[in-house]
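Spelled out, the chains give:
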Amino acid sequence: MQYKNTLEFAKKLDSEDQLASYRYQFHIPQDKQGNDWLYFTGNSLGLQPKKAKEYINVELQDWAEKGVEGHFDGENPWVTYPESLSKMMAKVVGAKPLEVIIMDTLTANLHFLMVSFYRPTKKRYKILIESDAFPSDRYAVQSQLKFHGFSEEDLIYWSPPKGKDLLEINDLENILEEQGHEIALVLIGGVNYYTGQRFDFKKIAELGHAKGCVVGIDLAHGAGNIQPDLHESGVDFAAWCTYKYLNSGPGSLSGIFVHEKHAHNTELPRFAGWWNHNKETRFNMRLPFDVMAGAEGWQLSNPPILAMAPIKASLEMFEEVGMDALREKSIKLTGFMEFLFQELGSDAVSIITPINPTERGCQLSIQVKNADKSLHQKLMDKHIITDWREPNVIRCAPAPMYNSFEDVYKMVSILKEILKDY
Ligand SMILES: *Cc1c(COP(=O)(O)O)cnc(C)c1O
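As a convention, each chain's residues are numbered from 1 in the sequence order in which they are written. A pLDDT threshold of at least 70 governs which residues receive local features in this predicted model, and a stricter bar of 80 or more applies before side-chain atom pairs are shown or counted, although totals over entire chains, interfaces and linings include all residues. Side-chain metrics in this entry use all non-hydrogen atoms of the structure; hydrogen atoms and water are not considered.

The subject of this paragraph is the pattern of salt bridges. A pair is scored as a salt bridge if a Lys or Arg side-chain nitrogen falls within 4 Å of a carboxyl oxygen belonging to Asp or Glu. A full pass over the atoms with the stated rule returns 23 salt bridges. Between K211 and E177 there is a salt bridge, and its shortest N-O distance comes to 3.3 Å. Remark: E177 occurs in helix α7 (residues 169-179) and K211 occurs in the loop between α8 (201-210) and β8 (214-218); sequence separation between them is 34 residues. In the salt-bridge network here, residues are joined through shared partners; they are R23, D36 and D407. Under the DSSP-based scheme used, a helix requires at least four consecutive residues in state H or I and a strand at least two consecutive residues in state E, with every element numbered from the N terminus.

Accessibility here uses a 1.4 Å probe with only protein chains present; expressed as a share of the type maximum, an area under 20% marks a residue as buried, one over 50% as exposed, and anything in between as partly exposed. Across the 5 residues of strand β10 (residues 254-258), 5 count as buried, placing the element largely inside the fold. In β10, alternate side chains face the same way, and those of S254, I256 and V258 on one face and G255 and F257 on the other are all buried. Both strand β9 (residues 237-241) and β10 contribute to a ladder of 5 bridges, which runs antiparallel. Following the sheet pairing, A239 is matched in β10 by I256. In this analysis, strands are considered paired if DSSP registers two or more bridges between them.

Spatially, β11-β12-β15-β14 is the arrangement adopted by the 4 strands of the open sheet, whose pairing is antiparallel. Each end of this open sheet is capped by a strand with a single partner; those strands are β11 (349-351) and β14 (387-389). Pairs of neighbouring strands in the sheet enclose a mean axial angle of 35°, with direction left out of account. Pairing of strand β12 (residues 364-368) with strand β15 (residues 393-396) involves 4 bridges; the strand directions are antiparallel. Each bridged residue has a counterpart across the sheet, and for I366 the counterpart in β15 is I394. What counts as an axis is a line fitted to C-alpha atoms, over the stretch in contact for a helix, and the angles between N-to-C directions run from 0 to 180 degrees.

This part covers the domain arrangement of the protein chain. The split into domains, and so the bounds of each, comes from an automatic or database assignment of domains. Segmentation of the protein chain into domains returns domain 1 (7-49 + 323-419) and domain 2 (76-319). The contact criterion used throughout is that any non-hydrogen atoms of two residues lie within 4.5 Å. Contacts between the two partners involve 34 residues from domain 1, matched on the other side by 25 residues from domain 2. A quick way to say it: buried area is the sum, across both parts, of accessible area lost when two parts are put together, with a 1.4 Å probe. Interface area, domain 1 with domain 2, both sides summed: about 2400 Å², of which 59% is carbon and sulfur. Put simply, domain 1 and domain 2 have 0 salt bridges between them. Counting of polar contacts relies on pairs of N or O atoms within 3.5 Å, with two restrictions inside protein: one atom must be capable of donating a hydrogen and the other of accepting it, and residues adjacent in sequence are counted only when both atoms are side-chain atoms. Counting every contact that joins domain 1 to domain 2 gives 12 residue pairs in polar contact (both at pLDDT 80 or more). Put simply, the parts of the chain that give the side of domain 1 that touches domain 2 at least two residues each are α11 (323-344), β12 and β15. Sort the elements by how many residues they give to the side of domain 1 that touches domain 2 and α11 lands first, with 4 residues.

This paragraph deals with the packing of aromatic side chains. The aromatic pairing rule takes the rings of Phe, Tyr and Trp, using the six-membered ring of Trp, and pairs them if the centres are within 6.5 Å, calling planes under 30 degrees apart stacked, those over 60 edge-to-face and the rest tilted. What the rule picks out here adds up to 18 aromatic pairs. Between Y3 and F339, the aromatic rings sit 5.6 Å apart at their centres with planes inclined by 35°, giving tilted as the arrangement. A residue pair is termed long-range when its members are at least 10 positions apart, and Y3 in the segment before α1 (7-16) and F339 in helix α11 qualify at 336 residues. A centroid spacing of 6.0 Å and a plane angle of 55° characterise the contact between F336 and F405, whose relative ring orientation is tilted. Here F336, found in helix α11, pairs with F405, found in helix α13 (residues 405-419); they are 69 residues apart in sequence, far enough to count as distant.

Have a look at this one:
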């Protein structure tokens with residue numbers, strides 16, 4: 001794609017963009033003069049779909065008018081409410097419907113999944129994660145190690161080569177070659193939250209499985225962003241939240257994936273509740289536990305419908321657009337941002353995210369010289385919403401569902417003005 005560094009060119013790309021109208025299905029925060037903020041933190045909290053409120057209200061109404069009868073007799077009966085959502089979610093992450101369910105929250109789900117997929121023995125008990133994993137994931141695996149009587153020393157880090165920011169697959173290969181026989185679980189953040197680097201799950205699954213390790217992916221920064229093809233990749237399990245690229249509201253629920261190869265393995269240890277018991281006999285109440293097949297076999301509680309309503313509002317858009325079209329726009333949009341950054345010709349900022357679109361999602365991580373955090377504040381003062389991550393990165397995520405090429409152009413133009421003083 002040949003880009004040009006002009007506002008007219010950005011506007012032309014917007015006029016040719018088949019997905020441009022989706023922006024108007026979101027509430028975009030505005031400044032006092034009524035100008036839209038330039039919002040690039042969909043990787044942290046996606047914007048609110050306008051339909052979210054309507055969909056929550058439908059359920060509030062059913063609850064008000066029907067009470068408990070809403071479970072079977074509502075406009076969208078609550079007992080089956082999650083099923084249509086899981087189907088749409090499965091398409092977003094490239095999975096079979098059997099493999100995906102929406103439940104609980106991300107870190108809690110990592111623990112529930114590790115109940116089944118981190119089964120340490122005396123000889124094989126270590127866990128491997130990426131060196132700069134999201135803190136919640138690191139804390140989660142450290143606590144699992146301790147819970148099973150091991151120590152933080154048994155956590156192995158896949159680190160970048162000295163002086164570099166990005167991870168290299170051959171380093172992972174070497175670790176597995178040397179210590180693979182002691183590693184029980186490889187748990188990798190599918191797209192790293194800090195650098196924006198996207199990993200090759202299929203390759204990681206192959207390497208891990210070849211050494212007898214279980215392989216899981218935290219897809220928090222991947223769901224609704226990249227096309228992870230979870231089924232095809234062969235990873236054993238994955239989990240993600242729905243409030244980042246999936247725009248489903250602060251602290252919203254999580255998706256989990258359990259590969260079909262584990263769908264009918266009733267021997268796999270797991271925690272149980274009435275909602276992973278066979279739904280045909282669930283309300284017979286006095287039966288012995290009879291686990292459901294597939295990802296539903298990990299669901300413990302009856303689902304929080306009010307929290308699911310915004311997920312429905314969001315997933316319907318993903319269903320309509322399709323990940324192919326969304327990703328196609330995303331590659332163009334982030335490519336445009338990258339081009340404009342390079343045109344700045346400034347040594348105050350540099351991109352650490354991989355240049356190759358297959359190795360990243362929509363996020364670009366901008367390393368700031370001398371870790372000057374005031375640059376981020378100056379952007380915020382102009383209602384350009386990005387985030388600062390210690391030690392020295394500004395993360396910018398143009399979300400293809402609602403960001404425009406004009407947003408990207410304006411953002412970099414304002415940055416250019418700010419950089420004149422540097
Ligand atoms: C956002 C994020 C989390 C947050 O977990 P919650 O349990 O939803 O608070 C965890 N891990 C990763 C990799 C994330 O990006």
